[in-house]
Structure formats: structure tokens, C-alpha cells
Amino acid sequence: LTALYVGAWGAQFGVALVYVTVLPYAPRLMGLFLPVATSVAEVAVVMAMDKGYCRLIFDREVRSEQTQVVSFIVSLVHGLAESSRLVSLVIGAILAEDYQWVSPVFLALVLNLGSRHGWWRYMLARGLDTGGGGTCWLGVSTRVV
């Protein structure tokens, strides 16, 4: 699980590096890129951690309590994604000579609200629903109440 956190750091660092490097040449594109890329990188690491937890701990029926460790690492990955997004936005605002930093802030707000209220998971489950219920290929439950 620690290796996943290091991988999350590398992914967020790569996203921030691409954002800051390409921002002077394509500010509108980078305004869309940053919030989406940080969210995708975070979700990818959490999904990989979920698969690793299921295979290494849950499926083997380990007797000790591991949920606190997993919750802590998920919190670390989320904090890393949010701090990466914040620092990149601050650097972008410093480098920008106008108000083009507003669109990534607004998009990040919309993405965060959608994920906090479960709308992205709901739409993903609806979009991948095969009609029979259960789980789809991403492991997202397609049972929508």
C-alpha cells in the first residue's frame, strides 16, 4: 500500500509538472486538464488500492483489523491530490497575467461537489448498467435505487 502512495505522488507530480509547463502555451486547455487529471489520477490510485486490499487482505480473510490503515492511506492520497491541485492553481494564478485561473478553480469545485454527493458514481453506474444489476467491469455497483 505504501508503494501505491509513492505512485500517487509520482502521478500528481507529473500532472502538476505538465500543467505548469504547458500553461503558458495553452491556458484554456490546461484549465480543463488540471482538475480532471488530478481527479483521474486520484481515482486510479484508490481503485488500485481497493483491488490490492481485496486480493491481499479481504480474500485471504486476514484476522486483524486493516480498515484503519486503508482509510489512512486513502486520506493521504486524497490530501496529496488536493494539495497538488491547490499548489498548481496558485502557481498558475501567479504566472497568468489575466483571470484564466478562474476556470480550473470552478471546474475543480464542480468535480468536487459531484464526487462528494455521489453524482459521478451514479452517472457511471447508470452508463455502465447492463440491465441485470450487480457490478460492472470497474467494480462499481450498478444497482441504482
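Residues numbered from 1 in each chain as written. Predicted model: local features only at pLDDT ≥ 70, side-chain atom pairs only at ≥ 80, totals over all residues. Heavy atoms only, no water.

### Notes on the overall build of the protein chain
Working step 1: Helices and strands together make up the secondary structure of the protein chain, namely 5 helices and 0 strands.
Working step 2: Listed N to C, the secondary structure of the protein chain is α-α-α-α-α in terms of helices and strands.
Working step 3: Per-residue burial for the protein chain yields a buried fraction of 28% across its 145 residues.
Working step 4: Partitioning the contacts of the protein chain with sequence separation of at least 6, the portion at a separation of at least 24 is 57%.
Working step 5: Taken as a whole, the protein chain presents about 9700 Å² of accessible surface, with 67% of it coming from carbon and sulfur. (Helix = DSSP H or I, 4+ residues; strand = E, 2+ residues; numbered from the N terminus. Buried < 20%, exposed > 50% of the residue type's maximum accessible area, 1.4 Å probe, protein only. Contact = heavy atoms within 4.5 Å. Areas by Shrake-Rupley, 256 points an atom, 1.4 Å probe, with all protein chains shown as cover.)

### Quick notes on the side chain of T38
Working step 1: If you trace the backbone, T38 turns up in helix α2 (residues 27–58).
Working step 2: Here P35 takes part through its backbone oxygen, which lies 3.1 Å from a polar atom of the side chain of T38.
Working step 3: With residues near it in sequence (within four places) discarded, T38 still touches Q12, V15, A81, S84 and R85. (Polar contact = N/O pair within 3.5 Å; in protein donor to acceptor, adjacent residues only side chain to side chain.)

### Thoughts on the nonpolar core
Working step 1: Judged by nonpolar contacts, V15, Y19, L23, M30, L34, A37 and L89 together constitute the single largest core of 7 residues.
Working step 2: Among the secondary structure elements, those contributing two or more residues to this core are α1 (2–22) and α2.
Working step 3: The element that contributes the greatest number of residues to this core is α2, accounting for 3 residues.
Working step 4: Membership of the second largest hydrophobic core comes to 6 residues, among which are V45, M49, I73 and V77. (Core = buried A, V, L, I, M, F, W, Y, C linked by side-chain atoms within 4.5 Å.)

### Some thoughts on the packing of aromatic side chains
Working step 1: In total, this model carries 2 aromatic pairs according to the counting rule given.
Working step 2: Plain terms: the ring middles of W9 and F13 are 5.3 Å apart, the flat faces sit at 10 degrees to each other, and that makes the pair stacked. Note that W9 and F13 are positioned in helix α1 at a spacing of 4 residues, about one turn of the helix.
Working step 3: Relative accessible area serves as the criterion here: at 47%, F13 is assigned to the partly exposed category. (Phe/Tyr/Trp six-rings, centres within 6.5 Å; stacked < 30°, edge-to-face > 60°.)

### What about α1?
Working step 1: For α1, which comprises 21 residues, the first-to-last C-alpha distance of 30 Å matches the rise-based estimate of 30 Å (1.5 Å per residue) to within 8%.
Working step 2: Among the residues of α1, A8, Q12, V15, A16 and Y19 are the ones counted as buried. Axial view of α1: buried residues confined to an arc of 95 degrees, hence all on one face. Exposed residues pointing more than 90 degrees away from the buried face of α1 are listed as T2, A3 and V6. (Expected span 1.5 Å × (residues − 1). Arc of directions from axis to C-beta.)

### Topic: the pattern of salt bridges
Working step 1: According to the stated counting rule, one finds 1 salt bridge in the structure shown.
Working step 2: Notably, a salt bridge pairs R85 with E82, separated by 2.9 Å at the nearest N-O pair. In this pair, R85 and E82 are both assigned in helix α3 (residues 67–95), 3 residues apart and thus about one turn of the helix distant.
Working step 3: Take R85: its relative accessible area is 3%, and that puts it in the buried class.
Working step 4: Looking at E82, the relative accessible area reads 22%, which means it is partly exposed. (Salt bridge = Lys/Arg side-chain N within 4 Å of Asp/Glu carboxyl O.)

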